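Structural overview
Below are the chains, spelled out letter by letter.
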Amino acid sequence: MQHIKQYVNENKQRLLDELFELLRFPSVSADPKYKPEVLKTADYIAQKLRDAGADKVEVCPTAGNPIVYGEKIIDPSKPTVLVYGHYDVQPPDPLELWETPPFEPTVRDGKIYARGACDDKGQFYMHVKAFELMMQTNTVPCNIKFMIEGEEEVGSSNLAIFVKANKERLKADVVLISDTSMISMEHPSLETGLRGLSYLEVEVTGPNRDLHSGVYGGAVANPATILAKMIASLHDENNHIAIPGFYNDVVDLTPAERTALNNAPYDEAEYKKDLDVQELWGEKGYTTFERTGTRPTLEVNGIWGGYIGEGAKTVLPSKASAKISMRLVPNQTSEKITELFTKHFLSIAPASVKVKVTPHHGGEPAVTPTDSVAYRAAQKAIAESFGKDPIPTRGGGSIPIVALFEAELGLKTVLMGFGLDSDALHSPNEKYDIFNYYKGIETIPLFHKYFAELSK
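On a predicted model such as this, the values are computed, not experimentally measured, just so you know. (Residues numbered from 1 in each chain as written. Predicted model: local features only at pLDDT ≥ 70, side-chain atom pairs only at ≥ 80, totals over all residues. Heavy atoms only, no water.)

Attention now moves to the side chain of Glu442. Within the fold, Glu442 resides in helix H14 (residues 434-454). Among residues more than four places away in sequence, those in contact with Glu442 are Met1, Ile4, Lys5 and Val8. (Helix = DSSP H or I, 4+ residues; strand = E, 2+ residues; numbered from the N terminus. Contact = heavy atoms within 4.5 Å.)

This is the structure:
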């Protein structure tokens with residue numbers, strides 16, 4: 001551990017400068033206008049992998065954004081870790097809510113503020129630098145492969161094609177991902193599962209054009225009003241999702257599992273204070289930990305229709321739309337939930353409007369085993385680095401490729417993230433603590449060390 005800390009201390013400023021350089025690339029995958037910057041980002045990562053000591057580094061083209069691949073095979077007989085990450089980021093909008101420019105990383109109170117700082121540039125780049133550290137100190141204990149993609153934020157639609165076409169190249173013993181969070185640096189944790197995702201867009205159309213709300217209001221259905229009513233009906237008075245069959249495949253936690261999950265440190269007053277809310281909202285009968293990690297949800301991610309510019313315009317809109325995401329738990333599937341939602345939403349539409357449902361992307365829930373060699377290696381690494389054992393938790397987010405890796409490569413995943421729930425992922429003023437960044441670089445080599453030792 002001493003040689004690890006020494007290397008990080010001696011290279012602190014360079015490690016930070018390189019991350020800042022990476023963060024300055026506006027690698028937004030959702031907007032085609034950023035494509036040139038996305039390609040530059042991939043090239044930058046490839047060069048950094050080469051500089052760190054990786055062999056066979058390649059920027060692999062896909063039908064969308066390229067995948068950066070690199071490897072270091074020290075001995076074919078030794079175990080192999082496949083490191084996954086993504087270099088694409090969410091759109092920075094709304095720009096006016098950022099205190100400093102989203103693609104000009106800024107440090108305030110020991111935190112790096114930039115789009116992608118935590119999700120996932122800061123986290124995957126820890127692995128590149130940890131690999132460099134192991135190479136420079138001649139302590140690489142196992143084979144390491146890297147696969148860094150550029151479409152995670154838009155559903156990883158081309159990753160499955162790449163994985164299926166490169167099974168031999170991607171052969172490994174475990175997948176290691178840092179794209180999740182810990183409870184805190186005082187209470188380190190390891191996520192043991194992730195929710196799946198069904199993401200759709202709905203459109204409600206009424207009259208064939210926008211209408212004068214005085215001339216036609218009260219006689220013609222307003223699509224914005226109808227959409228609001230339809231969305232409101234998707235939850236009942238207990239905030240239970242009211243789509244027939246939605247919960248049919250949900251696997252409930254056992255009483256012992258619920259107790260273990262809720263033993264994690266939690267301060268509800270601090271939780272509400274951080275979010276500036278007076279009261280929490282959610283499915284009746286479940287705790288915050290259960291609602292955010294083990295129960296399915298349905299949320300409106302965006303809603304629009306009619307006039308939203310400055311001043312007044314008395315209009316009855318022709319159309320209204322919304323984007324809706326549903327987080328899924330074992331044993332739900334995105335295909336089935338998408339089908340159930342679509343059937344239900346169309347069925348509750350009044351004859352006064354036309355409704356269209358467009359699926360965007362989805363992913364499957366995943367649970368990682370806590371008795372595997374890889375999980376025990378992660379436990380030992382965190383325990384040594386932090387001085388205390390990690391707490392097992394369930395993640396509320398979705399990383400669809402976890403299920404893909406298991407289905408196509410037969411590999412389980414270890415979710416060893418160093419972010420925090422308060423890092424404002426996908427929001428203005430996204431951040432990542434400098435301490436967490438360095439702590440990740442210190443901890444990751446220990447995972448490789450213990451994984452190699454425990455695999456013997």
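This paragraph deals with the sheet that holds strand E13 (residues 297-305). In spatial order, the strands read E13-E15-E11-E16; together these 4 strands make up an open sheet with antiparallel pairing. Bordering the open sheet on either side are E13 and strand E16 (354-363), each of which pairs with just one other strand. If you compare each strand with its neighbour and ignore which way they point, the axes differ by 15 degrees on average. Here E13 pairs with strand E15 (residues 319-328) via 8 bridges, running antiparallel. Note that in E15 the partner of Ile303 across the bridge is Ala322. Set on the sheet, helix H7 (residues 223-232) makes contact with strand E11 (196-205), E13, E15 and E16; between it and E15 the angle comes to about 15 degrees. (Pairing = 2+ DSSP bridges. Axes fitted to C-alpha atoms, helices over the stretch in contact; angles between N-to-C directions.)

Our next topic: the packing of helix H2 (residues 12-23) against helix H3 (residues 35-52). How two helices sit against one another is set out by the angle between their axes and by the gap between those axes. Here H2 crosses H3 at 155 degrees, and the two axes come no closer than 10 Å. With respect to each other, H2 and H3 are oriented roughly antiparallel. Note on element contacts: H3 touches H2 through Thr41, Tyr44, Ile45 and Lys48, opposite Glu18, Glu21 and Leu22. Taken together, the residues of the contact of H2 with H3 break down into 3 nonpolar, 1 polar and 3 charged. (Parallel < 35°, antiparallel > 145°, perpendicular 65-115°, else oblique. Nonpolar A, V, L, I, M, F, W, Y, C, P; charged D, E, K, R; others polar.)

This paragraph deals with unusual backbone geometry. Of the consecutive residues Asp93 and Pro94, the connecting peptide bond is found in the cis state with omega at 0 degrees. Note on placement: Pro94 falls in the loop between strand E3 (80-86) and strand E4 (106-108). The amide bond that connects Pro330 to the next residue, Asn331, takes the cis arrangement and shows omega of 5 degrees. With respect to the element layout, Asn331 can be found in the loop between E15 and helix H11 (334-347). The residue Lys56 is not glycine, and still its phi comes out positive at about 55 degrees.

Read from one edge to the other, the open sheet built from 3 strands follows the order E4-E5-E21, with strand pairing classed as antiparallel. Both outer strands of the open sheet, E4 and strand E21 (431-433), are each paired with one neighbouring strand and no more. Across this sheet, the average inter-strand angle for adjacent strands is 30 degrees, counted without regard to direction. Sheet topology note: the E4/strand E5 (residues 111-113) ladder contains 3 bridges and is antiparallel. Looking at E5, one finds that Arg108 is bridged to Lys111.

Between helix H1 (residues 2-10) and H2, the shortest axis-to-axis distance is 4 Å and the interhelical angle comes to 65 degrees. In terms of orientation, H1 lies roughly perpendicular with respect to H2. Residues Tyr7, Val8, Asn9 and Glu10 of H1 form the contact with H2, whose own contacting residues are Lys12, Arg14 and Leu15. For the contact of H1 with H2, the class distribution of residues is 3 nonpolar, 1 polar and 3 charged.

Before going further, it helps to examine the packing of aromatic side chains. Enumeration over the complete set of coordinates arrives at 10 aromatic pairs. By the ring-pair criterion, three or more aromatic residues cluster together here, those being Tyr266, Tyr271 and Phe289. Over the face of the ring belonging to Tyr113 we find Arg108, whose NZ or CZ atom lies 3.8 Å from the ring centre. For the cation-ring pair, Arg169 lies above Tyr69, with the distance from its terminal atom to the ring centre recorded as 4.9 Å. (Phe/Tyr/Trp six-rings, centres within 6.5 Å; stacked < 30°, edge-to-face > 60°. Lys NZ or Arg CZ within 6 Å of the ring centre and 35° of its normal.)

Take H7 next. The periodicity of an α-helix, 3.6 residues per turn, causes residues three or four places apart in sequence to face the same way. For H7, every residue scored as buried is listed here: Pro223, Ile226, Leu227, Met230 and Ile231. Within H7, the buried residues cover an arc of 130 degrees as seen down the axis, which keeps them to one side. Projecting away from the buried face of H7 at angles above 90 degrees are the exposed residues Lys229 and Ala232. On the buried face of H7, the contacting elements are E11, E13, strand E14 (315-316), E15, H11 and E16. Two or three places before Ala224, at the opening of H7, Asn222 has a side-chain oxygen 2.9 Å from that residue's backbone nitrogen. (Buried < 20%, exposed > 50% of the residue type's maximum accessible area, 1.4 Å probe, protein only. Arc of directions from axis to C-beta. Polar contact = N/O pair within 3.5 Å; in protein donor to acceptor, adjacent residues only side chain to side chain.)

Moving on, we get to the pattern of salt bridges. All chains considered together, the criterion is met by 26 salt bridges. For Glu104, the salt bridge identified is with Arg24, shortest N-O distance 3.3 Å. A residue pair is termed long-range when its members are at least 10 positions apart, and Glu104 in the loop between E3 and E4 and Arg24 in the loop between H2 and H3 qualify at 80 residues. By relative accessible area, Glu104 is classed as partly exposed at 35%. In this structure Arg24 comes out as partly exposed when scored by relative accessible area, which is 37%. Residue Glu132 pairs with Lys129 through a salt bridge whose shortest N-O separation is 2.5 Å. Separated by 3 residues within a single helix, Glu132 and Lys129 lie in helix H4 (residues 121-136), roughly one turn from each other. Residue Glu132 shares its accessibility class with Lys129, and that shared class is buried. Connected through salt bridges with shared partners, the residues Arg14, Glu18, Lys129 and Glu132 form a single ionic network. (Salt bridge = Lys/Arg side-chain N within 4 Å of Asp/Glu carboxyl O.)

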